[in-house]
Amino acid sequence: MTTSTEQTLDVINRHLHAFMTNQDVDGIVADYDRHAILHAPDGVYRGVDEIRRFFQAFLENLSEQTLALFRMRTQEAHDEVGYIVWSVGELIPLGTDTFVVKNGKIVQQ
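Please read all numbers here as calculations on a predicted model, not as lab measurements. Position labels on residues start from 1 in each chain and follow its written sequence. Note on the predicted model: pLDDT of at least 70 is required for a residue's local features to be given, and 80 or more for side-chain atom pairs to be given and counted; whole-chain, interface and lining totals, by contrast, use all residues. To get the side-chain values, all heavy atoms of the structure are used, and hydrogens and water are removed first.

Considerations on the pattern of salt bridges
Turning to step 1, where the next piece is worked out: We count a salt bridge whenever a side-chain nitrogen from Lys or Arg sits within 4 Å of a carboxyl oxygen from Asp or Glu. Throughout the structure, instances matching the rule amount to two salt bridges.
Turning to step 2, where the next piece is worked out: Its salt-bridge partner being Asp31, residue Arg14 comes within 2.7 Å of it at the nearest N-O pair. Note that Arg14 is positioned in helix H1 (residues 4–22) and Asp31 in the loop between helix H2 (25–29) and strand E1 (32–40), a separation of 17 residues in sequence.
Turning to step 3, where the next piece is worked out: The buried category is assigned to Asp31, whose relative accessible area is 1%.
Turning to step 4, where the next piece is worked out: One salt bridge in this structure joins Asp26 and Arg52, with 2.6 Å as the shortest N-O distance. Of this pair, Asp26 sits in helix H2 while Arg52 is found in helix H3 (residues 47–60), placing the two residues 26 residues apart along the sequence.
Turning to step 5, where the next piece is worked out: Classification of Asp26 as exposed rests on a relative accessible area of 52%. By definition, any uninterrupted DSSP run of H or I lasting at least four residues is a helix, any uninterrupted run of E lasting at least two residues is a strand, and each is numbered from the N terminus. Each residue is placed in one exposure class: buried if its accessible area under a 1.4 Å probe, protein chains only, is under 20% of its type's maximum, exposed if it is over 50%, and partly exposed if it falls in between.

Brief notes about the pairing of strand E5 (residues 92–102)
Turning to step 1, where the next piece is worked out: By this definition, two strands are paired if DSSP reports at least two bridges between them. Strand direction decides the pairing type here: strand E4 (residues 81–88) and E5, joined by six bridges, are antiparallel. Looking at the pairing, Gly82 lines up with Phe99 of E5.
Turning to step 2, where the next piece is worked out: Joining the antiparallel neighbours E4 and E5 is a turn of three residues, in which Gly89 adopts a positive phi near 50°.
Turning to step 3, where the next piece is worked out: Bridging between E5 and strand E6 (residues 105–108) involves three bridges; their strand directions are antiparallel. If you follow Lys102 over to E6, its bridge partner there is Lys105.
Turning to step 4, where the next piece is worked out: As consecutive antiparallel partners, E5 and E6 are separated by two residues, and within that stretch Asn103 has a phi angle of approximately 55°, a positive value.

Quick word on the packing of aromatic side chains
What characterises a pair of aromatic rings is the spacing of the ring centres plus the angle enclosed by the ring planes.
Turning to step 1, where the next piece is worked out: Aromatic contacts are taken between Phe, Tyr and Trp rings whose centres are within 6.5 Å, Trp giving its six-membered ring; a plane angle under 30 degrees counts as stacked, one over 60 as edge-to-face, and the others as tilted. All chains considered together, the criterion is met by six aromatic pairs.
Turning to step 2, where the next piece is worked out: Relative to Phe54, the ring of Tyr45 lies with its centre 5.0 Å away and its plane at 50°, an arrangement referred to as tilted.
Turning to step 3, where the next piece is worked out: Under the relative-accessibility criterion, Tyr45 is labelled buried at 16%.

Shape descriptors only; they carry no functional weight alone.
Take a look at the structure:
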């Protein structure tokens, strides 16, 4: 039986793989509950349609050089909450994301 911590880590790993390896919007959005909420610097996105639009725009403006500089510094989870710390060279020396995962889907980020 999978624990909630293991499930949270599995979802985060799948999400990061879809983002980093494929830049696959469908794969990225598949990790979100249909009523999920994504908090971003420019606003709050509610539901998968808004989250899809966010990632489409984000990936369109992301260069391959930026992806090459991406480094995961910390990844951990406890029950339904996952936390990652990352950087993108000097461009973004410190970035973080917190995920709340329920029933195998991200419900809030």
